[in-house]
Amino acid sequence: MRNRLLRRAAAAGLSLAATAALAHHSFSAEFDANKRVTMTGTVTKVEWQNPHTWFYVDVKSDSGNVANWGFELASPNLLMRQGWTRASMKVGDVVTVEAYLAKNGTNNANAHVVTLATGKTLYTGSSAGSRP
């Protein structure tokens, strides 16, 4: 009886792990490695969370219109190994972001390199590669 319960619990755990793995997307499913852009703007929000950290930036176009862009980063753990801290980028900071555009045409991108107003460059642990 106990072995049957252990097998059922193990099967349920594996099933949940497989579901979580399927829910996590690959870089190539979401972003276009051939559409690299560079944008400068003001940080409006930073979300340190798993599986990916996100930050949002108001970017002003040449015509003066402002659009809010979301940028995906690596997990908080990987970012910390790349030299990031939670204080590296704060709301109100001006940043320049090199990123890969979302395939679906939304204002989202996968950040590759972030340059702070101080000139410090931070690599993002992007699924497309962490170094240019």
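By convention here, each chain's residues receive numbers from 1 onward along its written sequence. Totals for whole chains, interfaces and linings use all residues, but because this is a predicted model, local features are given only for residues with pLDDT of at least 70 and pairs of side-chain atoms are given and counted only at 80 or more. To get the side-chain values, all heavy atoms of the structure are used, and hydrogens and water are removed first.

Asks: Kindly report on empty space enclosed by the protein, identifying the contributing residues and their values.
Replies: Only protein atoms enter the 1 Å grid, on which a cavity is a set of points fitting a 1.4 Å probe that cannot get out and a pocket is an open set with protein on both sides within 12 Å along at least 5 of 7 lines, lining residues being those with an atom within 4 Å of a point. Grid points are joined across faces, edges and corners, and a volume is the space filled by probe spheres set on the points. Taken as a whole and assessed by the stated rule, the structure comprises 1 cavity of 30 Å³ or more. Lining the largest cavity we find Val46, Trp48, Thr53, Leu73, Trp84, Thr85, Arg86, Ser88 and Met89. Gly is placed with the polar residues, together with every amino acid not listed as nonpolar (Ala, Val, Leu, Ile, Met, Phe, Trp, Tyr, Cys and Pro) or charged (Asp, Glu, Lys and Arg). Taken together, the residues of the lining of the largest cavity sort by class into 5 nonpolar, 3 polar and 1 charged.

Asks: Would you mind going over the side chain of Thr53 in detail, with residue names and values included?
Replies: Put simply, DSSP H or I for four residues or longer makes a helix, DSSP E for two residues or longer makes a strand, and each gets a number counted from the N terminus. Secondary-structure assignment places Thr53 in the loop between strand S1 (31-47) and strand S2 (54-60). A relative accessible area of 1% means that Thr53 is categorised as buried. Buried means the residue's accessible area, taken with a 1.4 Å probe over protein chains only, is under 20% of the maximum for its type, while exposed means over 50%, and partly exposed covers the values in between.

Asks: Give me the lowdown on the pairing of strand S3 (residues 66-72), citing residues and values where you can.
Replies: Summarising the sheet, S2 and S3 pair through 7 bridges and their orientation is antiparallel. Following the sheet pairing, Lys60 is matched in S3 by Val66. Should DSSP find at least two bridges between two strands, the strands are taken to pair. Counting the residues between successive antiparallel strands, the hairpin from S2 to S3 contains 5 residues, one of them, Gly64, with a positive phi of roughly 95°. Pairing of S3 with strand S5 (residues 108-116) involves 3 bridges; the strand directions are parallel. By the bridge assignment, Glu72 is partnered in S5 with Asn110.

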